[in-house]
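An overview of the molecular structure
Here is how the chains run, residue by residue.
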Amino acid sequence: MATPIRRLFGCALLGTSLSLTPVAPAPAHIPEPVPLRLAAPAPTRAEQVLEEMTLAQQVGQLFVVGTRADQIDRRTLRQIGDLHVGNVMLTGRSRHGVRAPARVSRAMRGQVSAAATARVRLFVATDQEGGLVRVLQGHGFSPMPSALVQGRWSPRRLRAAAQRWAHELRRAGVNLDLAPVLDTVPGRRAAEHNPPIGAYDRQYGFTPKAVTAHGLAFARGLADGRVAAAVKHFPGLGRVRANTDTAADVVDRVTRRDDPYLRPFRAAVEAGVPVVMMSTARYTHLDPQHPAAFSPYVIGELLRGDLGFGGVVISDDLAHAKQVAGLRPAERALRFLAAGGDLVLSVDPAPVPAMYRAVLARARHDPAFRDLVRASALRVLTAKQAHGLLPRRGDGG
């Protein structure tokens, strides 16, 4: 760039020296150049849809509500319309093959409308890890061994298998799998005393390295098959001595901010996983006062700050878990969202009306909380945009 600039100045000087016309003196004040105004980036489709939604519809996007995998729950069906619920989960155990869950999923998706969800389609989730944690079984679903067995396969083989399992989920109408488990259990003997993970062989191995390699292979295979993965249970349940589903005051007294057992979650975030599920255990070295799902420190400082996660944060079940039973359902939802969570998971539709009404009421009267709701809804819509679940521009009502 230096040579053209010198030429430009040279021409100006030459022109001045040869000019026969007197040159007027320079003005005393030279106006500042007008700064160029850069055009604001065009809004994403998710941002456009958010602005088209009512606040009630935005709140509805923040709920995932259960229905039996092989039977339509009429309460959940109604809540899509009445409460604008934007996501459902197939629960329990279905051994009737692909047709039964596909029928349930089709019925739920059929409730999507302009009035209900602003035509935004549903995340239809389930728990399909393998082994004993496998909601959908029967004709059309391949055998899925436990994660511990999957961890003995090569990552390449596991990724290919997970892609096949994802295709089976898609045929059943599922587009979000609450898997893989990225909790690390520190050894075989430790597994015997770890009810939520080790007792069911839900871990991919006994080191963060093994869990990272195989957990990411599973998540990538799901993505290859167009199913979103929700890794769990941040910041880890591999070293607790009780199950948050069946016990209260479950405490991890080991995990620290720089803990090597966080590495599988960090790797998943760096790989672009769209959803992270929170544990409801308490972590004495992180936030001794609050369960992780209700902790602004664990969600905001650790997951979003240290790990840099910008995607969707989903709770573990807030309907039946003993760990949160001491709080009213409405308070569970409010605390999770106030801490920075995005998707409230309730495997039972019964407490959802109270949860929804409490969130909507606070959003209407508390501007700061309303901003949190909008930010969470945008993260959910952005994830849905990536999975083709938003209405196209110009779609009719």
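As the structure is a prediction and not an experimental result, all values here were calculated from the model.

Rules and cut-offs
Residues numbered from 1 in each chain as written. Predicted model: local features only at pLDDT ≥ 70, side-chain atom pairs only at ≥ 80, totals over all residues. Heavy atoms only, no water. Patch = residues over 30% accessible without salt bridge, like charges linked within 9 Å, V, L, I, M, F, W, Y side chains within 5 Å. Areas by Shrake-Rupley, 256 points an atom, 1.4 Å probe, with all protein chains shown as cover. Salt bridge = Lys/Arg side-chain N within 4 Å of Asp/Glu carboxyl O. Lys, Arg positive; Asp, Glu negative; His and termini not counted. Charge placed at Lys NZ, Arg CZ, Asp CG, Glu CD. Helix = DSSP H or I, 4+ residues; strand = E, 2+ residues; numbered from the N terminus. Pairing = 2+ DSSP bridges. Contact = heavy atoms within 4.5 Å. Axes fitted to C-alpha atoms, helices over the stretch in contact; angles between N-to-C directions. Expected span 1.5 Å × (residues − 1). Buried < 20%, exposed > 50% of the residue type's maximum accessible area, 1.4 Å probe, protein only. Arc of directions from axis to C-beta. Polar contact = N/O pair within 3.5 Å; in protein donor to acceptor, adjacent residues only side chain to side chain.

**Considerations on a positive patch on the surface**
Together, Arg74, Arg78, Arg103, Arg106, Arg109, Arg170 and Arg226 make up a region of like positive charge exposed at the surface. Contributing elements (two or more residues each) for the positive patch: helix H4 (74-82) and helix H5 (99-109). Residue contributions to the positive patch peak at 3 residues, all from H5. Along the chain, arginine 106 turns up in helix H5.

**Points about the sheet that holds strand E7 (residues 228-234)**
Sheet strands line up and pair through hydrogen bonds in the backbone, either parallel or antiparallel. Spatially, 8 strands are ordered E12-E9-E7-E6-E3-E2-E1-E13 in an open sheet, and the strand pairing comes out parallel. Strands at the two margins of the open sheet, each flanked by one partner only, are strand E12 (312-314) and strand E13 (344-346). In this fold helix H13 (residues 329-338) packs onto strand E9 (275-278), E12 and E13, with an angle of close to 150° to the strand it touches most, E13.

**Points about the sheet that holds strand E10 (residues 282-283)**
Taken in spatial order, the 3 strands line up as E8-E10-E11 in an open sheet, and their pairing is mixed. The outermost strands of the open sheet, each flanked by one partner alone, are strand E8 (251-252) and strand E11 (287-291). As defined by bridge partners, E8 adjoins E10 across 2 bridges and the pair is classed as parallel. Its bridge partner lying in E10, valine 251 is registered against arginine 282.

**Overview of the environment of alanine 161**
On the secondary structure map, alanine 161 appears in helix H8 (residues 155-171). Note: C-alpha distance between alanine 161 and glycine 221 (60 residues apart in sequence) is 7.2 Å.

**As for helix H15 (residues 367-386)**
End to end, H15 covers 29 Å across 20 residues, agreeing with the expected 28 Å (1.5 Å per residue, within 8%). Restricting attention to buried positions, one finds in H15 the residues Phe369, Val373, Ser376, Ala377, Val380, Leu381, Ala383 and Lys384. Summarising the axial view, the buried residues of H15 lie within an arc of 155°, below the 170-degree limit, and thus occupy one face. Of the exposed residues in H15, the ones pointing more than 90 degrees away from its buried face are Ala368, Asp371 and Ala386. Looking at where H15 begins, the residue whose side-chain oxygen comes 3.1 Å from the main-chain nitrogen of alanine 368 is aspartate 366. Note on H15: the residue one or two positions beyond its end, glycine 388, has a positive phi of about 70°.

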